[in-house]
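Notes for the structure review
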Amino acid sequence: MLFPSSRAGGVEWIAAFLGNPGPQYEGTRHNAGFRAVDRLAAMLNVKIDRAKFRGLTAQAVWQGQKLLLVKPQTFMNESGLSVMDAARFYKLTPERVIV
């Protein structure tokens, strides 16, 4: 059984997908994570378009679990800043973060 976050109504998992912001990186191997999360978001019928936590985010539900999908808008080497901001806000431990 999965345990919910301590924040009422909050997400239970963070799924962060790495890439580099900007059109010059769109088709590169460095943005495989962004392409993967775009497909996942389409499958879950959500749009990753809310600017929050130094990234673009969307909330979704998968198998009854509340997820926060994150596309950090920092460059890949600083993606941890975005993920850390989200994890702190939702009071999630590292075990609840998938990168």
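Described in the following lines is the structure provided in the data block.

Thresholds, definitions, all that
Residues numbered from 1 in each chain as written. Predicted model: local features only at pLDDT ≥ 70, side-chain atom pairs only at ≥ 80, totals over all residues. Heavy atoms only, no water. Helix = DSSP H or I, 4+ residues; strand = E, 2+ residues; numbered from the N terminus. Expected span 1.5 Å × (residues − 1). Buried < 20%, exposed > 50% of the residue type's maximum accessible area, 1.4 Å probe, protein only. Arc of directions from axis to C-beta. Contact = heavy atoms within 4.5 Å. Pairing = 2+ DSSP bridges. Axes fitted to C-alpha atoms, helices over the stretch in contact; angles between N-to-C directions. Core = buried A, V, L, I, M, F, W, Y, C linked by side-chain atoms within 4.5 Å. Phe/Tyr/Trp six-rings, centres within 6.5 Å; stacked < 30°, edge-to-face > 60°. Salt bridge = Lys/Arg side-chain N within 4 Å of Asp/Glu carboxyl O.

Relative to the 16 Å expected for 12 residues at 1.5 Å per residue, helix α1 (residues 32-43) spans 17 Å between its end C-alpha atoms, a close match to the ideal helical length. Within α1, the full set of buried residues consists of Gly33, Phe34, Val37 and Ala41. Down the axis of α1, the buried side of the element spans an arc of 95 degrees, and every buried residue falls inside it. Away from the buried face of α1 by more than 90 degrees, exposed residues Arg39, Ala42 and Met43 are located. Lining the buried residues of α1 we find β4 (65-72). Positive backbone phi, approximately 60 degrees, marks asparagine 45, located one or two places after α1.

A separate point is the sheet that holds strand β3 (residues 55-62). Strand pairing in a sheet takes place through backbone hydrogen bonds and is either antiparallel or parallel in direction. Sheet architecture is open: five strands sit in the order β2-β3-β4-β1-β5, paired in mixed fashion. Strands with a single pairing partner mark the edges of an open sheet, and in this sheet they are β2 (50-52) and β5 (97-98). Looking at chain direction, β2 and β3 are connected through three bridges and run antiparallel. Each bridged residue has a counterpart across the sheet, and for lysine 52 the counterpart in β3 is glycine 55. Sheet strands touched by helix α2 (residues 79-90): β1 (13-16), β2, β3, β4 and β5. Its angle to β4, the strand with the most contacts, is close to 150 degrees.

Val11, Ile14, Ala16, Phe53, Leu68, Val70, Val83, Ala86, Ala87, Tyr90, Leu92 and Val97 together form the largest nonpolar core, which totals 12 residues. For this core, the elements supplying multiple residues, two or more each, are β1, β4 and α2. Counting residues per element, this core draws most heavily on α2, at four residues. Not counting residues within four places of it along the chain, the set of residues in contact with alanine 16 comprises Val70, Val83, Ile98 and Val99.

All right, on to the packing of aromatic side chains then. This model, assessed by the stated rule, comprises four aromatic pairs. A centroid spacing of 6.0 Å and a plane angle of 80 degrees characterise the contact between tyrosine 25 and phenylalanine 75, whose relative ring orientation is edge-to-face. Here phenylalanine 75 lies in the loop between β4 and α2 and tyrosine 25 lies in the loop between β1 and α1, a separation of 50 residues in the sequence. A relative accessible area of 45% means that phenylalanine 75 is categorised as partly exposed.

This model, assessed by the stated rule, comprises two salt bridges. Between aspartate 38 and lysine 71 there is a salt bridge, and its shortest N-O distance comes to 3.0 Å. Placement of the pair is aspartate 38 in helix α1 and lysine 71 in strand β4, with a sequence separation of 33 residues. Overall, lysine 71 belongs to the buried group, its relative accessible area being 11%. The closest approach of N and O atoms between aspartate 85 and arginine 54, which form a salt bridge, is 2.7 Å. Placement of aspartate 85 in helix α2 and of arginine 54 in the loop between β2 and β3 is noted, with a sequence separation of 31 residues between them.

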